[in-house]
Amino acid sequence: GQQVMQIPQYQHVQEGEDFTTYCNSSTTLSNIQWYKQRPGGHPVFLIQLVKSGEVKKQKRLTFQFGEAKKNSSLHITATQTTDVGTYFCAGNNFNKFYFGSGTKLNVKP
Amino acid sequence: NAGVMQNPRHLVRRRGQEARLRCSPMKGHSHVYWYRQLPEEGLKFMVYLQKENIIDESGMPKERFSAEFPKEGPSILRIQQVVRGDSAAYFCASSPRGQARETQYFGPGTRLLVL
């Protein structure tokens, strides 16, 4: 069945270091969305990627969608303590979202 | 501009009791999704509903769990005869038309604890 794998599970960085999380799907996706969940909070939509090879930036965050539309990445440059949380990708196939298991980011000041 | 509302925010039940979780979607949204999140884990899709219709319930356990989204009122996720393994955060999300490229807006979740 459809699976979306996300790595790493955890990442501890020093403030100012970069961070990347990767998402891989077993099948081609129609689009992929990224969400952030703060500790004790709920997922909040960050961005959606639709086109093959698409790259989008939001300030220090860079999102990429692979050429085959089966993988995606989120890269944060120069992390800050406000970046702490769990980042989820959600791949869409046939109108159904498959969430990755998330990458929990901890940023040490 | 109220967002997705869920209540209760926290629910404690003893084994064997029933849990009812409510979700009111954003204004103008007619599609609701329920997800379960176990501690330190990701979101697992449970069910997708439109008003008065269950579109996809492939993620719902076969027994004890049911969901509805009536014409009037909130969507309800019902868990009968709860067990300790049902302890989790249950999130609902809504979207306007249930189309693939729409954003899902999540509610604050209901944290269920089964004693």
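Calculation notes
Residues numbered from 1 in each chain as written. Chains lettered and ligands numbered in written order. Predicted model: local features only at pLDDT ≥ 70, side-chain atom pairs only at ≥ 80, totals over all residues. Heavy atoms only, no water. Phe/Tyr/Trp six-rings, centres within 6.5 Å; stacked < 30°, edge-to-face > 60°. Helix = DSSP H or I, 4+ residues; strand = E, 2+ residues; numbered from the N terminus. Buried < 20%, exposed > 50% of the residue type's maximum accessible area, 1.4 Å probe, protein only. Contact = heavy atoms within 4.5 Å. Buried area = accessible area lost by both parts, 1.4 Å probe. Polar contact = N/O pair within 3.5 Å; in protein donor to acceptor, adjacent residues only side chain to side chain. Nonpolar A, V, L, I, M, F, W, Y, C, P; charged D, E, K, R; others polar. Patch = residues over 30% accessible without salt bridge, like charges linked within 9 Å, V, L, I, M, F, W, Y side chains within 5 Å. Areas by Shrake-Rupley, 256 points an atom, 1.4 Å probe, with all protein chains shown as cover. Salt bridge = Lys/Arg side-chain N within 4 Å of Asp/Glu carboxyl O.

A. Seen up close, the packing of aromatic side chains. Inspection of the entire model under this criterion finds 11 aromatic pairs over all chains. Summarising the aromatic geometry, the rings of Phe99(A) and Phe106(B) are spaced 6.0 Å apart at their centres and angled 85° between planes, so their arrangement reads as edge-to-face. Highlighted residues: Phe99(A) in strand S10 (residues 96-99) and Phe106(B) in strand S10 (residues 105-106), drawn from two different chains. Taking the centre distance of 5.5 Å and the plane angle of 40° together, the rings of Tyr35(B) and Phe106(B) count as tilted. A residue pair is termed long-range when its members are at least 10 positions apart, and Tyr35(B) in strand S4 (residues 31-37) and Phe106(B) in strand S10 qualify at 71 residues. The burial state of Tyr35(B) is the same as that of Phe106(B); both residues are buried. Through successive ring pairs, a cluster of aromatic residues spans Tyr35(A), Phe45(A), Phe88(A), Phe99(A), Tyr35(B), Phe45(B) and Phe106(B).

B. The interface of chain A and chain B, seen in detail. Between chain A and chain B, the contact holds 23 residues from the first and 21 residues from the second. Between chain A and chain B the total buried area reaches about 1,700 Å² when both faces are included, carbon and sulfur atoms providing 48% of it. Put simply, chain A and chain B have four residue pairs in polar contact (both at pLDDT 80 or more) between them. For the side of chain A that touches chain B, the elements supplying multiple residues, two or more each, are strand S4 (31-37), strand S5 (44-49), strand S9 (85-93) and S10 of chain A. At four residues, S4(A) tops the list of elements feeding residues into the side of chain A that touches chain B. Its residues assigned to classes, the side of chain A that touches chain B shows eight nonpolar, 13 polar and two charged.

C. How the structure looks around a nonpolar patch on the surface. Together, Val12(B), Leu113(B) and Leu115(B) make up an exposed nonpolar region whose accessible area comes to about 250 Å². Among the residues examined, Leu113(B) registers a relative accessible area of 42% and is labelled partly exposed.

D. Region of interest: the side chain of Gln6(B). Residues and elements named next belong to chain B. Tracing the sequence through the fold places Gln6 in strand S1 (residues 5-7). For Gln6, the side chain forms a polar contact with the main-chain nitrogen of Cys92, separated by 3.1 Å. If sequence neighbours within four positions are ignored, Gln6 has contacts with Arg22, Cys23, Trp34, Tyr90, Phe91, Cys92, Gly107, Pro108, Gly109 and Thr110.

Bear in mind that shape data such as this cannot, by itself, settle questions of function.
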